[in-house]
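# Analysis of the macromolecular model
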Amino acid sequence: MNHWLLKSEPDTFGIDHLAKLPGKTTSWEGVRNYQARNMLRDELKKGDEAFFYHSSCATPGIAGIVRVVRGGYPDASAFDRKSPYHDPDSRPDAPRWYTVDVKLVRKLKRLIPLEELQAHAAGALRELRILKRGNRLSVTPVSRAEWDFVLTLE
């Protein structure tokens with residue numbers, strides 16, 4: 001099993017939105033970055049777990065844990081003209097964008113804020129990509145050691 005961090009803006013789709021969905025499951029649609037797309041398409045596998053990270057908000061941070069319940073497949077929102085994620089150059093016979101399905105495992109007991117994660121940037125979380133300068137990817141890998149350490153912060 002691999003571990004990941006998936007970023008979402010809580011005003012658009014936060015952990016509470018996921019918790020209210022049937023089966024607490026959704027596709028992680030709308031990713032429009034090629035490096036993140038490649039991870040969704042090729043690396044995230046059924047059974048992998050990810051931190052659900054709230055970004056672009058007053059208090060960014062890790063809000064919960066999700067499990068990948070379906071590996072990479074074409075993101076249908078790219079084909080939907082009504083979707084904000086529509087891409088006219090992506091076609092069902094030649095998809096450009098991919099998604100995975102995730103299911104809520106649990107909300108954390110408390111949000112672990114970015115500021116708290118940054119306090120460990122010189123130590124246990126020195127390689128955590130979310131803490132690297134210039135990182136804006138919405139999908140990033142998390143090592144097992146980083147995963148375990150973050151959970152101790154809860």
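Throughout what follows, the structure given in this document is the object of discussion.

Along the polypeptide, Lys-7 turns up in strand 1 (residues 3–8). Of the buried charged residues, Lys-7 lacks a salt bridge, with Glu-9 as the closest side chain of opposite charge at 8.3 Å. Leaving out residues up to four positions away in the same chain, Lys-7 has contacts with Trp-28, Tyr-53, Ser-55, Ile-130, Asn-135, Arg-136, Leu-137 and Ser-138.

We now examine the nonpolar core. Residues Leu-6, Trp-28, Leu-44, Val-66, Val-100, Val-102 and Val-139 are the most contacted members of the largest nonpolar core, which totals 20 residues. When residues of this core are traced back to their parent elements, those giving at least two are strand 1, helix 2 (15–20), helix 3 (34–42), strand 3 (49–54), strand 4 (61–74) and strand 5 (98–113). If we skip the residues at most four places from it in the chain, Val-100 touches Thr-26, Ser-27, Trp-28, Leu-40, Leu-44, Val-68, Arg-70, Gly-71, Gly-72 and Tyr-73. Leu-128, Val-142, Trp-147 and Val-150 belong to the second largest nonpolar core, which has 17 residues in total.

Now for helix 5 (residues 144–153). Of all the positions in helix 5, only Glu-146, Trp-147, Val-150 and Leu-153 are classed as buried. Axial view of helix 5: buried residues confined to an arc of 115 degrees, hence all on one face. Exposed positions of helix 5 whose direction lies more than 90 degrees from the buried face are Arg-144, Ala-145 and Thr-152. On its buried face, helix 5 is in contact with strand 1, strand 3, strand 4, strand 5, helix 4 (114–118) and strand 6 (139–142).

Scoring rules and cut-offs
Residues numbered from 1 in each chain as written. Predicted model: local features only at pLDDT ≥ 70, side-chain atom pairs only at ≥ 80, totals over all residues. Heavy atoms only, no water. Helix = DSSP H or I, 4+ residues; strand = E, 2+ residues; numbered from the N terminus. Buried < 20%, exposed > 50% of the residue type's maximum accessible area, 1.4 Å probe, protein only. Lys, Arg positive; Asp, Glu negative; His and termini not counted. Salt bridge = Lys/Arg side-chain N within 4 Å of Asp/Glu carboxyl O. Contact = heavy atoms within 4.5 Å. Core = buried A, V, L, I, M, F, W, Y, C linked by side-chain atoms within 4.5 Å. Arc of directions from axis to C-beta.

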